[in-house]
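# Residue-level structural notes
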Amino acid sequence: MGEVDPAFVQALEHRPKLEVVEAEGIPLIDLSMLSSHNATSDPLALDGLVKEIGSACRNWGFFQVINHGVSSEKRQKIESASRKFFAQSLEEKRKVKRDEERVLGYYDSEHTKNVRDWKEVFDFTVENPTLVPASYKPEDKEVTKWFNQWPDNPPELREVCEEYAKVVEKLAYKLMELIALSLGLPAKRFHGFFSDQTSFIRLNHYPPCPVPQLALGVGRHKDGGALTILAQDDVGGLEVKRKTDGEWVRVKPNPDAYIVNVGDIIQVWSNEAYESVEHRVMVNSEKERFSIPFFFNPAHYTIVKPLEELVNEQSPARYKGYSWGNFIVTRKYSNFKKLDVENVQIDHFRV
């Protein structure tokens, strides 16, 4: 990402001290039974798995999964292609730079003088093209399409990414089924929301940072979608805000695991039975870090609101419905220019 701008360092020096608790971290859940005969022949075992998922969603908002059905070969291929892409010159990477017209592709914080995040990314959607509202204005009923941009190099990147998206998408549906069951809902209750999904995958590269105690790879935030499934390398850096005491807990890297977290949409759908949790990414002064999050998001026309099965006199609806399409378009276009509306947050719809 080039030399460090003195103004960048000066801005970072005003950051508060980042406290973190060293811990093993979030729950680790074995999904092996889902690919065996036990899933149908042993209802008690499935019930135990469902309870594990529910407990993790309720108490952490985060969990890790192993024996998840995504082959190490698929994961290694996309990790290798990602490293090759980011190893290229800035000029080469910016040939697929995202902008207001082409909102998917490459982005680096240095190019935009972004002092918040120390990283560069490459985004692509699972559905190509992906249908979204034409603008962030709720009264605009027009629909447009987002198309993926693919670089010439490395030549295998597109095929590898599209194959990876298919297998992680299958995992996402499995996890949504377990979450549905943990809420007392039919297993496939959420499936219909994702018929025309707006899901996307991000390739992240965090270069070594000369001021790691002052910078963040990604600042503290919550994910706006339904579910995030993260592959990270052995460098680590992800930290989760523990619900019990508000302490930041560092997630220990596990090369065989995916890290999963509940997003804002599940918080609303579940009527706050499960909550989206703040997390952030720390950078490293000596090592570069790579990660690949899969953001599982519903169709643009989805009106996100508490599910009627989870609303009653004892637990009235805590949110008004909101348009997911307007939500994501506002977030996306605010990356390129100042809009005449503020970034939408789910708190804006709290009853």
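Cut-offs and rules
- Residues numbered from 1 in each chain as written.
- Predicted model: local features only at pLDDT ≥ 70, side-chain atom pairs only at ≥ 80, totals over all residues.
- Heavy atoms only, no water.
- UniProt positions renumbered as here; feature names shortened; annotations may be inferred.
- Phe/Tyr/Trp six-rings, centres within 6.5 Å; stacked < 30°, edge-to-face > 60°.
- Helix = DSSP H or I, 4+ residues; strand = E, 2+ residues; numbered from the N terminus.
- Buried < 20%, exposed > 50% of the residue type's maximum accessible area, 1.4 Å probe, protein only.
- Lys NZ or Arg CZ within 6 Å of the ring centre and 35° of its normal.
- Salt bridge = Lys/Arg side-chain N within 4 Å of Asp/Glu carboxyl O.
- Axes fitted to C-alpha atoms, helices over the stretch in contact; angles between N-to-C directions.
- Parallel < 35°, antiparallel > 145°, perpendicular 65-115°, else oblique.
- Left-handed = near helix turned anticlockwise from the far one by under 90°.
- Contact = heavy atoms within 4.5 Å.
- Nonpolar A, V, L, I, M, F, W, Y, C, P; charged D, E, K, R; others polar.

For the protein chain, the name recorded in an unreviewed UniProt entry is Fe2OG dioxygenase domain-containing protein, with Erythroxylum novogranatense as its organism. Checking UniProt for the protein chain, the heading Sequence similarities (unreviewed entry) contains the comment "Belongs to the iron/ascorbate-dependent oxidoreductase family."

Turning our eyes to something else, we now look at the packing of aromatic side chains. Per the counting criterion, the structure on display carries 18 aromatic pairs. Here the aromatic rings of Phe-194 and Phe-296 are separated by 4.0 Å at their centres, their planes lie at 0 degrees, and the arrangement is stacked. Here Phe-194 is found in the loop between helix H6 (157–182) and strand E7 (200–206), whereas its partner Phe-296 is found in strand E14 (residues 289–296), with 102 residues between them in sequence. For Phe-194, a relative accessible area of 1% gives the class buried. Joined through ring pairs, the aromatic side chains of Phe-85, Phe-86, Tyr-106, Phe-122, Phe-124, Trp-150 and Phe-290 make up one cluster. The positively charged end of Arg-98 is found above the aromatic ring belonging to Tyr-107, 4.2 Å away from the centroid.

Before going further, it helps to spend a moment on the environment of Glu-79. Topologically, Glu-79 is positioned in helix H4 (residues 72–86). Overall, Glu-79 belongs to the partly exposed group, its relative accessible area being 26%.

Moving on to the pattern of salt bridges. Under the defined criterion, the tally for this structure stands at 23 salt bridges. Note that Asp-99 and Arg-102 form a salt bridge whose closest N and O atoms lie 3.3 Å from each other. The class for Asp-99 is partly exposed, based on a relative accessible area of 21%. Owing to a relative accessible area of 41%, Arg-102 belongs among the partly exposed residues under this scheme. Residue Asp-245 pairs with Arg-242 through a salt bridge whose shortest N-O separation is 2.9 Å. Ionic contacts of the salt-bridge type, sharing partners, join the residues Arg-98, Asp-123, Arg-202 and Lys-332 into one network.

Moving on to the packing of H4 against H6. Remark: H4 packs on H6, axes separated minimally by 9 Å, with the N-to-C direction vectors making an angle of 140 degrees. Regarding the angle of H4 to H6, the classification is oblique. The interaxial crossing formed by H4 with H6 has left-handed handedness. Judged by residue contacts, Lys-74, Arg-75, Lys-77, Ile-78, Ala-81, Ser-82 and Phe-85 of H4 engage Leu-157, Val-160, Cys-161, Glu-163, Tyr-164 and Val-167 from H6. Of the residues contributing to the contact of H4 with H6, the split by class is eight nonpolar, one polar and four charged.

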